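Listed below, chain by chain, are the residues.
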Amino acid sequence: MTTPAAPHRRRTPLAWFRSRPLRSRLALLTAFAVAVAVAAVSAACWFVTRAQLESEMDDALRSTRLDSDGVRGLLALCRQGATPPPATGTYTVQIIDASGGVCTAGEAALPVGAGDLAVARGTLAGVLHTVKDADGREMRVYTYPQQPGPTVPAGLAVSVARPLAELDNSLSTLGWVLLLVSGIGVLGAGAAGLWVARTGLEPVDRLTGAVEHVAATEDLTVRIPAEGEDEIARLSRAFNQMTAALASSRDRQARLIADAGHELRTPLTSLRTNVELLARSEQTGRAIPAEDRRALMTSVKAQMTELASLIGDLQELARPDAVRPGPLEVVPLHTTLRTALDRARLRGPELTFTTDLAPWYVRAEPAALERALVNVLDNAVKFSPPRGTVEVTLMRGELTVRDHGPGIAPDELPHVFDRFWRSPSARSLPGSGLGLSIVARTVKRTGGSVTLTAADGGGTRAVLRFPGAPTPPPETTG
């Protein structure tokens, strides 16, 4: 059993138009608009000219009168049975009596209508109408009453007529002229529209070529000249900004990978060395002294902890800035800070923590916020002297963490939030150089800010500002 072929669908004119290139559509639209405008103007011109010519013909017929001698001579010829000579020029003259009798001077007689008889009988002052003569020609006729005289009897009317072919010939000539001019205008408009479309879309062509080049080569250094303030210039500038942002993002990604590789190499090398020592001891049967073995295991554990922390920090920083790691919630900052302080006390049991925490609620991702607070406190613990004091205050959404350590040199302050940056004095201490970067990123997501300054009397002061309120919204509980 065969399946019948699907019927062929004819493409509609609209579908065909939409399939054309943009410059072709612009040229067609321009030509169509000009064609409509020219057609409207030509039609209006033709009708106005026709009305004007008809009005002039009617005025000429009304002003044409046959004098008494001419009427008498024409009647005399008709009574004698002779054929009157044609009237002067293209005019046809016909005399009508009250009974409908006619005497014609022209190529063919004109039919007598009720209006003509009414004029001959004196009930109308004149009548203007269009008829066909005996030869079938259309004639414009004006009939007026003839004044009686000594030699002209009463009850006569005179019809003066001209063929409408005079108008038709002139109008036909005008129509062909208008058609020719309109055709030239439409063709010129189409060519001009195509030229304008090509010129106007040239920047778009350049932009398209640049995008295709970037897609094919991944070369983000391409820039498009942007001149002026029009839409094309704005699009070009937007493209340049986009490629610059992409290039910067790719550079940051490359630096992150390079820095991560560099930072991972140290704990991995140390961990590998310690593991190889333990493995060689097992292979050779030479036991490592118990104290050295405990030191190796402690070092392996520390390196594994540092490696896990570094990997966690990298995972946090690898998330796109525009994508939040979790839903924002109303978080009691003071409660989260107390949890972070508990963890910090475990890492610095010999330190003294002074706290003054006022209630404050913020919108944040709970896990990320706690991690940022722990990083700030860990930084204070790391640089505090033995049996030192760490001062922590939270007032109206401003969290201040101050330690009494060696502080940070003024020339190093601009770099403290850079990824993997570590001051020369801190390179011997554990850490990855990512903690403050995570803090800055987390605080920024909440809409706040973070600064690190040298404290009076020595040490470092970290100030974190969080937008929020001292009380939770009605739909939440603190």
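Residues numbered from 1 in each chain as written. Predicted model: local features only at pLDDT ≥ 70, side-chain atom pairs only at ≥ 80, totals over all residues. Heavy atoms only, no water.

Caption draft 1: Structural context of the overall build of the chain. Along its length, the chain carries eleven helices and twelve strands. The buried share of the chain, reckoned over its 478 residues, is 33%. Taking all contacts inside the chain whose residues are at least 6 apart in sequence as the whole, residues at least 24 apart take part in 60%. By element, 59% of the accessible surface of the chain is carried by carbon and sulfur atoms, the whole surface being about 28,500 Å². (Helix = DSSP H or I, 4+ residues; strand = E, 2+ residues; numbered from the N terminus. Buried < 20%, exposed > 50% of the residue type's maximum accessible area, 1.4 Å probe, protein only. Contact = heavy atoms within 4.5 Å. Areas by Shrake-Rupley, 256 points an atom, 1.4 Å probe, with all protein chains shown as cover.)

Caption draft 2: Focus on helix α9 (residues 333-347). In this model, α9 (15 residues) spans 21 Å end to end at C-alpha, consistent with the 21 Å of a helix rising 1.5 Å per residue. All buried positions along α9 are accounted for by Leu333, His334, Thr336, Leu337, Ala340, Leu341 and Ala344. In a view along the axis of α9, the buried residues occupy a sector of 150°, so they form one face of it. (Expected span 1.5 Å × (residues − 1). Arc of directions from axis to C-beta.)

Caption draft 3: Examining the nonpolar core more closely. Core analysis: the largest hydrophobic core is formed by 34 residues, its most contacted members being Leu337, Val392, Leu399, Leu464 and Phe466. A per-element tally of this core places helix α10 (residues 366-383) first, with eight residues. If sequence neighbours within four positions are ignored, Val392 has contacts with Leu337, Leu341, Thr354, Thr355, Asp356, Leu357, Leu377, Leu399, Thr400 and Val401. Core analysis: the next-biggest nonpolar cluster, separate from the first, contains 17 residues, Leu74, Leu75, Val93 and Val152 among them. (Core = buried A, V, L, I, M, F, W, Y, C linked by side-chain atoms within 4.5 Å.)

Caption draft 4: Structural context of the pairing of strand β12 (residues 460-465). Here five bridges tie strand β10 (residues 398-402) to β12, and the two strands are oriented antiparallel to one another. In the strand pairing of β12, Glu398 is matched with Arg465. Pairing geometry for strand β11 (residues 449-454) and β12, over six bridges, is antiparallel. Paired with Val450 across the strands is Leu464, a residue of β12. (Pairing = 2+ DSSP bridges.)

Caption draft 5: Geometry of the state of the cysteines. Within this structure, the stated rule accounts for one disulfide. Two residues, Cys78 and Cys103, share a disulfide whose sulfurs are 1.5 Å apart. Taking the torsion about the sulfur-sulfur bond, which here is approximately 75°, the covalent link between Cys78 and Cys103 counts as right-handed. Linking Cys78 in helix α3 (residues 68-79) with Cys103 in strand β2 (residues 102-105), this pair joins segments that are 25 residues apart in sequence. Look at Cys78 and you get partly exposed, because its relative accessible area is 29%. (Disulfide = S-S within 2.5 Å.)

Caption draft 6: Seen up close, the side chain of Ser281. As for its placement among the helices and strands, Ser281 is situated in helix α7 (residues 231-284). What makes Ser281 buried here is its relative accessible area of 10%. Ignoring anything within four residues of it in the chain, the contact list for Ser281 reads Arg286, Ala287 and Ile288.

Caption draft 7: Representation of unusual backbone geometry in the model. Of note, Arg387 is a non-glycine position whose phi angle comes to about 60°, a positive value. Inspection of the secondary structure puts Arg387 in the loop between α10 and β9 (389-395). Here Arg387 falls in the exposed class, since its relative accessible area comes to 72%. A positive phi angle is found at Arg396, which is not glycine, with a value near 50°. Mapped onto the elements, Arg396 comes out in the loop between β9 and β10. By relative accessible area, which is 73% here, Arg396 ends up exposed.

Caption draft 8: Here's a closer look at the packing of aromatic side chains. The full count for this structure, using the stated rule, is two aromatic pairs. On the basis of an interplanar angle of 90° and a centroid distance of 5.1 Å, the ring pair of Trp46 and Phe47 is categorised as edge-to-face. Owing to a relative accessible area of 25%, Trp46 belongs among the partly exposed residues under this scheme. The ring centre of Tyr144 lies 4.2 Å from the NZ or CZ of Arg65, which sits over that ring. (Phe/Tyr/Trp six-rings, centres within 6.5 Å; stacked < 30°, edge-to-face > 60°. Lys NZ or Arg CZ within 6 Å of the ring centre and 35° of its normal.)

Caption draft 9: Looking closely at the side chain of Thr92. When you line up the elements, Thr92 lands in strand β1 (residues 92-97). What Thr92 contacts, discounting residues up to four positions off in sequence, is Thr104, Ala105, Gly106, Glu107, Ala108, Leu110, Met139, Ser159, Val160 and Ala161.

Caption draft 10: Here's a closer look at the packing of helix α2 (residues 22-63) against helix α5 (residues 165-200). Contact geometry for α2 and α5: axes closest at 8 Å, N-to-C directions at 160°. Judged on the interaxial angle alone, α5 and α2 are roughly antiparallel. At the point where α2 passes α5, the crossing takes the right-handed sense. By residue class, the composition of the contact of α2 with α5 is 18 nonpolar, nine polar and five charged. (Axes fitted to C-alpha atoms, helices over the stretch in contact; angles between N-to-C directions. Parallel < 35°, antiparallel > 145°, perpendicular 65-115°, else oblique. Left-handed = near helix turned anticlockwise from the far one by under 90°. Nonpolar A, V, L, I, M, F, W, Y, C, P; charged D, E, K, R; others polar.)

Caption draft 11: Layout of the sheet that holds β12. With respect to topology, five strands assemble into an open sheet ordered β7-β9-β10-β12-β11, the strand pairing being mixed. Unpaired on one side and paired on the other, β7 (352-357) and β11 mark the two borders of the sheet. In this sheet, adjacent strand axes meet at a mean angle of 10° when their direction is disregarded. Relative to the sheet, α9 contacts β7, β9 and β10, its axis offset from that of β7 by approximately 180°. Along the sheet face, α10 touches β7, β9, β10 and β12 and points at about 25° away from the line of β10.

Caption draft 12: Local environment of the pattern of salt bridges. Tallying each qualifying case throughout the model produces ten salt bridges. The salt bridge partner of Arg162 is Glu166, with a shortest N-O separation of 2.5 Å. Its relative accessible area of 22% is what places Glu166 among the partly exposed residues. Note that Glu370 and Arg343 form a salt bridge whose closest N and O atoms lie 3.4 Å from each other. Here Arg343 lies in helix α9 and Glu370 lies in helix α10, a separation of 27 residues in the sequence. (Salt bridge = Lys/Arg side-chain N within 4 Å of Asp/Glu carboxyl O.)

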